[in-house]
2 protein chains.
Amino acid sequence: MKSRLRAVLLAGGGGGARLARGFYGLLDQVEPLVLTNSGDDFEHLGLLVCPDTDSVLYALSDVIDPERGWGRSDESWSVLAEVERLGGPSWFQLGDRDIAMHLLRGDGLAAGRSLAQVTTDLAERLGIKGLQIVPASEQSIRTILRTPEGDLDFQSYFVGRRCEPKVESVVLQGVTEAEPAPDLLSFMEKGCDCVILGPSNPYLSLAPILEISGIVEALASAGPVVAVSPIVDGAAIKGPLAKLMTERGLEATAISWVDEIKNMYPGLVDLWVLDSRDHDAAEVLQGRGERVFVCDTLMTDTRQKVALASQLVEEVKRFV
Amino acid sequence: MKSRLRAVLLAGGGGGARLARGFYGLLDQVEPLVLTNSGDDFEHLGLLVCPDTDSVLYALSDVIDPERGWGRSDESWSVLAEVERLGGPSWFQLGDRDIAMHLLRGDGLAAGRSLAQVTTDLAERLGIKGLQIVPASEQSIRTILRTPEGDLDFQSYFVGRRCEPKVESVVLQGVTEAEPAPDLLSFMEKGCDCVILGPSNPYLSLAPILEISGIVEALASAGPVVAVSPIVDGAAIKGPLAKLMTERGLEATAISWVDEIKNMYPGLVDLWVLDSRDHDAAEVLQGRGERVFVCDTLMTDTRQKVALASQLVEEVKRFV
């Protein structure tokens, strides 16, 4: 067998973290760099909270809470209870074990380490080996949702308001001034066989990565770009994607998702991965000349995560 | 009765916190400003830890752990256990409830509030009313102990090395550049009837306050300055004072303590408060022309703390 496939996986939210876990189970075949969305990062209680990066860290170390899909399993909530008792902001749920990791992140940042270095340190502390997890940029990018209630930062919208306000537009603060993570660029310089866009929200999870200056050009210069649909059977697996698409006057279907990505990033994606239940949509897209791969994209357990990653690897090899 | 006695209490460590609790029980008679030692402050796990200020906050809100004399009573340790599990620095004990308060401090500092404002916020959250608690300076002061093992910051010496290394000298980093807390100066401008030096370590708790540029002049310009002995019956109540005095070639006695303070701050103190068990020392000092007040200075319960504060107030009134 030839050397391992060098792959960049763009991961935002639960779907990206699950697929990252899949690739982590295939390190004999793949050498992945997981590029995490930092647009959901925010400062809270003096801590830098990086929800999408942490979901990847927790998913890969198998300590993510499987029910919630975020945070630590076997968690306790003593600190948050006291913050609430003292009249502090307790709307954002940080468990005690989660806070321990945030303190270690804060410790590293206070010591002058970069976000990427601190993330590598945390991965090591959690026992993750053999792949890089890299926040998309060292510079601050903040996803802001313009709503009839005013501008809401991502967590205020997502957690504080439970995605209820209508989203008129998405503002990605700082994204045009941001630069791609140096670790991404040096990974790509050594050769990159493929780029995988995880099954993540294109507006809220992929755009804060893909709008970074020069990143699309860098990614497109590598091997095939594969996009995994976050829409299955006319609905988002989780999160507000279907609602956001409807608010934009779109149907929440796999076809609309393909159209949106093509509209946002023309020519970027070489291969679309749709779920078996969207077989009809796949045929329509193939009729339009799109290259589509259909498989079971649901990832409820580790076996399924690795199985999906494995199928993607096989499909990319056929491409290469 | 005339208006309340305006008093500045210098508080460092456990003794200062206990006496502050005493004054807090006398708000009908006293209007205190508690000036806390910030030389023990340090950055840990990305948090600004202010041990002496927090001891006052916890003592006044009656949530301080009575056994340990620091930190919260009814505390749990989930976060620290996880920090340790992740291989992080767990030598400094921060309980979950304590961490909640540190997160709120971090939140305030990140929002651009001053150390004094953040301290006031925390006092309010803890239900403390009717007196000001003010860190001695807004600028960073760090107590460094020069030992045969090299320079140790205060917590590394005190907690990490349990005060074992011999202290060759004490360096108060930043103290000459530091300015007195603005709240102290505005309190004193409105008139100050007395200054109380709590029963605190002169080298490690009082010097980081008293060495701040201009502060001795400011304090000496007010009513009488009263110093409460941290040495009782030839020993320090708690902490390394007796050991430090011995290492300096001094006897750990109330008389040596008076000599040291007079040597360090000539003419500052108008009234020495010694414990009843040091009656002989008091007589010697009176023979030398010192003004000495003898009483029971032990403060094991709230009643005793208030009783000592009350006797100090009566004694100051006689002075005024």
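Residues numbered from 1 in each chain as written. Chains lettered and ligands numbered in written order. Predicted model: local features only at pLDDT ≥ 70, side-chain atom pairs only at ≥ 80, totals over all residues.

Novice: For the overall build of chain A, give the residues involved together with the corresponding values.
Specialist: A tally of helices and strands in chain A yields 13 helices and 14 strands. Looking at chain A residue by residue over its 320 residues, the buried ones come to 49%. The long-range fraction of contacts in chain A, counting pairs at least 24 apart against all pairs at least 6 apart in sequence, stands at 68%. (Helix = DSSP H or I, 4+ residues; strand = E, 2+ residues; numbered from the N terminus. Buried ≥ 20, exposed ≤ 12 C-beta atoms within 10 Å, placed from the backbone. Contact = placed C-beta atoms within 7 Å.)

Novice: Can you break down the relation of the copies chain B and chain A residue by residue, with the values?
Specialist: Of the two same-sequence chains, chain B is brought onto chain A (RMSD 0.0 Å, axial shift 0.0 Å) by a rotation of 180°. Here the symmetry operator amounts to a two-fold rotation axis. A share of 96% of interface residues in chain B that are also interface residues in chain A marks the association as one of identical surfaces. (Least-squares fit on C-alpha atoms with pLDDT ≥ 70 in both.)

Novice: So what's going on with the sheet that holds strand 1 (residues 5-11) of chain B? Which residues, and what values?
Specialist: Residues and elements named next belong to chain B. Across the sheet, seven strands lie side by side as 5-2-1-9-10-13-14; this open sheet has parallel pairing. Of all strands in the sheet, those with a lone pairing partner are strand 5 (132-135) and strand 14 (292-295), marking the two edges. On average, each strand axis in the sheet is inclined to that of its neighbour by 20°, with strand direction left out of account. (Pairing = 2+ DSSP bridges. Axes fitted to C-alpha atoms, helices over the stretch in contact; angles between N-to-C directions.)

Novice: How would you summarise the interface of chain B and chain A if you had to cite specific residues and measurements?
Specialist: Facing 24 residues of chain B, the contacting portion of chain A comprises 23 residues. Counting residues per element, the side of chain B that touches chain A draws most heavily on helix 4 (residues 96-110) of chain B, which supplies eleven residues. For the side of chain B that touches chain A, the per-class residue count stands at twelve nonpolar, six polar and six charged. (Nonpolar A, V, L, I, M, F, W, Y, C, P; charged D, E, K, R; others polar.)

Novice: So, the environment of Thr300 of chain B: which residues are in play, and what are the values?
Specialist: Note on placement: Thr300 of chain B falls in the loop between strand 14 and helix 13 (302-319). Measuring from C-alpha to C-alpha, the distance between Thr300 of chain B and Pro66 of chain B comes to 8.8 Å, with 234 residues separating the pair along the chain.

Novice: Can you tell me about the sheet that holds strand 2 (residues 30-36) of chain A, naming the residues and giving the values?
Specialist: Residue and element names in this part refer to chain A. Across the sheet, which stays open at both edges, the seven strands sit in the order 5-2-1-9-10-13-14 with parallel pairing between neighbours. The open sheet has two edge strands, strand 5 (132-135) and strand 14 (292-295), and neither has a second partner. Strand after strand, the sheet turns through a mean of 20° between neighbouring axes, direction not considered. In this structure, strand 1 (residues 5-11) lies alongside strand 9 (residues 194-197), joined through four bridges in parallel fashion. Bridge pairing in strand 9 places Val8 opposite Val195. On top of the sheet, helix 7 (residues 182-189) reaches strand 1, strand 2 and strand 5; it is set at about 130° to strand 5, its chief contact.

Novice: Can you break down the packing of helix 4 of chain B against helix 5 (residues 115-125) of chain B residue by residue, with the values?
Specialist: Residue and element names in this part refer to chain B. Two elements in contact, helix 4 and helix 5, have axes whose closest approach is 9 Å; the angle formed by their N-to-C orientations is 140°. Of the possible angle classes, the one that applies to helix 4 and helix 5 is oblique. For the element pair helix 4 and helix 5, the recorded crossing hand is right-handed. On helix 5, the residues touching Met101, Leu104, Arg105, Gly108 and Leu109 of helix 4 are Gln117, Val118, Asp121, Leu122 and Arg125. (Parallel < 35°, antiparallel > 145°, perpendicular 65-115°, else oblique. Left-handed = near helix turned anticlockwise from the far one by under 90°.)

Novice: Summarise helix 12 (residues 279-287) of chain B; cite the residues concerned and give the values.
Specialist: All names here are of chain B. Those residues of helix 12 not exposed but buried are Ala281, Ala282 and Leu285. The buried residues of helix 12 occupy one face: seen down the axis, they fall within an arc of 100°. Of the residues in helix 12, the exposed ones pointing more than 90 degrees away from the buried face are His279, Asp280 and Gly287. Summarising the contacts, the buried residues of helix 12 are in contact with helix 11 (254-264), strand 13 (271-275) and strand 14. Phi turns positive one or two residues past the end of helix 12, at Gly289, with a value near 95°. (Arc of directions from axis to C-beta.)

Novice: Any chance you could break down unusual backbone geometry for me, citing the residues and the numbers?
Specialist: A negative phi holds for most residues other than glycine; trans holds for most peptide bonds. Here the phi dihedral of Asp62 of chain A falls at roughly 55°; this positive angle occurs in a residue that is not glycine. Looking at where Asp62 of chain A falls in the secondary structure, it is placed in the loop between helix 2 (51-60) and helix 3 (78-85).

Novice: Any details on the environment of Asp121 of chain A? Residues and values, ideally.
Specialist: Residues and elements named next belong to chain A. Within the element layout of this structure, Asp121 appears in helix 5 (residues 115-125). A tally of 19 C-beta atoms within 10 Å means that Asp121 is categorised as partly exposed. A C-alpha to C-alpha distance of 8.4 Å links Asp121 and Gly108, two positions 13 residues apart in sequence.

Novice: Could you give me a rundown of the confidence of the model for chain A, with the residues and numbers involved?
Specialist: The predicted model of chain A averages 95 in pLDDT, with 99% of residues at 70 or higher. Prediction confidence for the complex, expressed as pTM and ipTM, is 0.93 and 0.92 respectively. (pLDDT = per-residue confidence, 0-100.)

Novice: Could you give an account of helix 5 of chain A, naming the residues involved and the relevant values?
Specialist: Residue and element names in this part refer to chain A. Among the residues of helix 5, Leu115, Val118, Thr119, Leu122 and Ala123 are the ones counted as buried. Angularly, the buried residues of helix 5 cover 140° about the axis, an arc narrow enough to put them on a single face. Tucked into the core, helix 5 has its buried residues touching helix 2, helix 4 (96-110) and strand 5. One or two steps after helix 5, the chain reaches Gly127, where phi turns positive at roughly 85°.

Novice: Would you mind going over the pairing of strand 5 of chain A in detail, with residue names and values included?
Specialist: Residues and elements named next belong to chain A. Residues Gln132 and Val134 point to one face of strand 5 and Ile133 and Pro135 to the other, with burial holding for every one of them. As paired strands, strand 2 and strand 5 are joined by four bridges and run parallel to one another. Counterpart to Leu33 in the pairing with strand 5 is Gln132.

Novice: I'd love a proper account of the packing of helix 1 (residues 13-24) of chain B against helix 2 (residues 51-60) of chain B, names of residues and values included.
Specialist: All names here are of chain B. Here helix 1 crosses helix 2 at 35°, and the two axes come no closer than 8 Å. In this structure, helix 1 crosses over helix 2, and the sense of that crossing is right-handed. Across from Gly13, Gly14, Gly16, Ala17, Arg18, Ala20, Arg21 and Tyr24 in helix 1, the residues of helix 2 making contact are Asp52, Ser55, Val56, Ala59 and Leu60. Here the contact of helix 1 with helix 2 is built from residues that sort into six nonpolar, four polar and three charged.

Novice: Summarise the environment of Cys192 of chain B; cite the residues concerned and give the values.
Specialist: Residues and elements named next belong to chain B. Note that Cys192 resides in the loop between helix 7 (182-189) and strand 9 (194-197). Measuring from C-alpha to C-alpha, the distance between Cys192 and Val8 comes to 7.3 Å, with 184 residues separating the pair along the chain. Not counting residues within four places of it along the chain, the set of residues in contact with Cys192 comprises Arg6, Val8, Phe187, Ala222 and Gly223.

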